Every structure is written in structure tokens, then in C-alpha cells.
Amino acid sequence: MKKVDVVKKILYANEKYALENVLFFAEHKKLCLNMISSPGSGKTTILARTISDLKERIKIGVIEGDIQTDIDAERISRTKAPVVQINTDGACHLSAAQVSAAIRELPVKELDLVVIENVGNLVCPSDFDLGENAKIVVLSVAEGDDKPIKYPGIFAKSKAMLINKIDLLEGGLVDFDIERAKTDARRLNKDMEIFTVSAKTGEGMNDWYAWLTESFKNV
Ligand code: MG
Ligand code: ZN
């Protein structure tokens, strides 16, 4: 029983900071996305390509969450986008308090959008709101198409899903049933936007960009 109380307290403390972040983004009239996936789905590659391809249209700032290292932040900074690294020192998700500190390090006034790349983990990041306008879940075809039914929480809560690495489907290198993943995800979340992309080749990225630059503004 005690354990349950501790979890409740942690989530309550997180909610307080999440609300502060919501107010911060609203005050500054900026949008914020929280990107969540398993490790290795290609979040950083999607982000780096998106920043480069959209640099004439929207200014994106990034908060990179990692357990260790600043390898991903390094990759983002090569795009010239402003980036702040949070090392969670072992923790498997970002907290709203960490994001609250990080957004004060970003030149928010110059940005249109702040993207948070969460720690690679499909489970608890879905329980910790960071004050974002929307969660985005990324799934790659190198993973199982049963991820939506195995980890329903994050798929139910995300506004959009990117199915990445579709270039691997050619030649039957991987068995991933895109229709199954889509159907299962929409069963959990009927309004979910779904984009099938390859951040490596650029295939399908234009639909994602269109949503990001237009529809997302109304979220
Ligand atoms: Mg990454
Ligand atoms: Zn965690």
C-alpha cells in the first residue's frame, strides 16, 4: 500500500510542474510536442530531418532527454537548432520539473515549436505529462506490429503516430504488418493521425510536415 502512495505523490508533484509548463507555453504562444518511443525507433533522425527540411517555415527548439550521454543533442545541434540536454542519470522518463528548467535555457521567443525527445521507453513517459500540447508516438517497422496492443497507454494518449523505417519493408527484410499496427492503434485512439515514413530516405515525410505546420496549430 505504501508504494502506491509514493507513486501518487510523485505523479501529483509532476502535475504541478506540468501545469506551470502549460502556462509557460500558453503565455509565450508556443507549441510543444513530447516525442515518445522505444529506444532505436529513430526519434532523433526524424527530428534532425524535420528541423532541416522545415527550417525556412518553422523554428524548432529541442529538449533532449537521455539516461546518459549527449550523443543525440550533438546530432541535433549539427542542424543549428537550439538544443538543451537533460541527463536523467538513470531515470527512465523525463519529469515536468526537468522540462521546466530546460525551457528556461532555450531562446523560446525565437521559436515556433519546442520538441521534447523523451527517454527511449514506451511505458512510464506516458504517465508523466510535461506540459506539452500533444504527445507523438514513434514506432519503427524493426519492432513488432503488436506494440500498440502491448503498450496501449501511450498509443491511447498520442495525437499522432509515426511508423518509421518503412524503407526496411522493401525486399521483405522485416515482417511488420502496417495495417495491423494502424488498426490496433486506431482501436485505442480513433482520431489518431498516422504517418508512415522513412526519416532516412524522406519517404512520407511531407504528410508529417503538413500536419506539423498546419493542423497541429489547432491542437
Ligand atoms: Mg534519440
Ligand atoms: Zn520511468
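Scope of this entry: the structure provided in the associated data block. (Residues numbered from 1 in each chain as written. Chains lettered and ligands numbered in written order. Predicted model: local features only at pLDDT ≥ 70, side-chain atom pairs only at ≥ 80, totals over all residues. Heavy atoms only, no water.)

What follows deals with the pairing of strand 1 (residues 31-37). Taking burial as the measure, the seven residues of strand 1 include seven buried ones, the bulk of the element. Side chains of strand 1 alternate between two faces, with Leu31, Leu33, Met35 and Ser37 and Cys32, Asn34 and Ile36 buried alike. With five bridges joining them, strand 1 and strand 4 (residues 113-117) adopt parallel strand pairing. The residue of strand 4 that forms the bridge with cysteine 32 is valine 114. Alignment of strand 1 against strand 5 (residues 134-140), held across five bridges, turns out to be parallel. Bridge assignment links methionine 35 to a residue of strand 5, and that residue is isoleucine 136. (Buried < 20%, exposed > 50% of the residue type's maximum accessible area, 1.4 Å probe, protein only. Helix = DSSP H or I, 4+ residues; strand = E, 2+ residues; numbered from the N terminus. Pairing = 2+ DSSP bridges.)

A complete count under the given rule lists 11 salt bridges for this structure. With a shortest N-O distance of 3.6 Å, aspartate 191 and lysine 190 are connected by a salt bridge. This pair shows no difference in class: aspartate 191 is exposed, exactly as lysine 190 is. When salt bridges with common partners are traced through the structure, they connect Asp145, Arg180, Asp184 and Arg187 into a single cluster. (Salt bridge = Lys/Arg side-chain N within 4 Å of Asp/Glu carboxyl O.)

What follows covers the environment of lysine 135. With respect to the element layout, lysine 135 can be found in strand 5. When its relative accessible area of 7% is taken as the criterion, lysine 135 is described as buried. Looking at lysine 135, its side chain comes within polar contact range of the side chain of aspartate 129, at 2.5 Å. (Polar contact = N/O pair within 3.5 Å; in protein donor to acceptor, adjacent residues only side chain to side chain.)

The next thing to look at is unusual backbone geometry. At threonine 69, a residue that is not glycine, the phi angle is positive and equals roughly 70°. We classify threonine 69 as partly exposed; its relative accessible area is 40%. For aspartate 89, which is not glycine, the phi torsion reads 55° and is therefore positive. The topology assignment puts aspartate 89 in the loop between strand 3 (83-87) and helix 4 (96-103).

The next thing to look at is the pairing of strand 4. One face of the sheet, then the other: side chains in a regular strand alternate in exactly this way. With respect to burial, strand 4 is a largely interior element, five of its five residues being buried. The alternating pattern of strand 4 places Leu113, Val115 and Glu117 on one face and Val114 and Ile116 on the opposite face, and all of these are buried. Pairing between strand 2 (residues 60-66) and strand 4: five bridges, direction parallel. Counterpart to glycine 61 in the pairing with strand 4 is valine 114.

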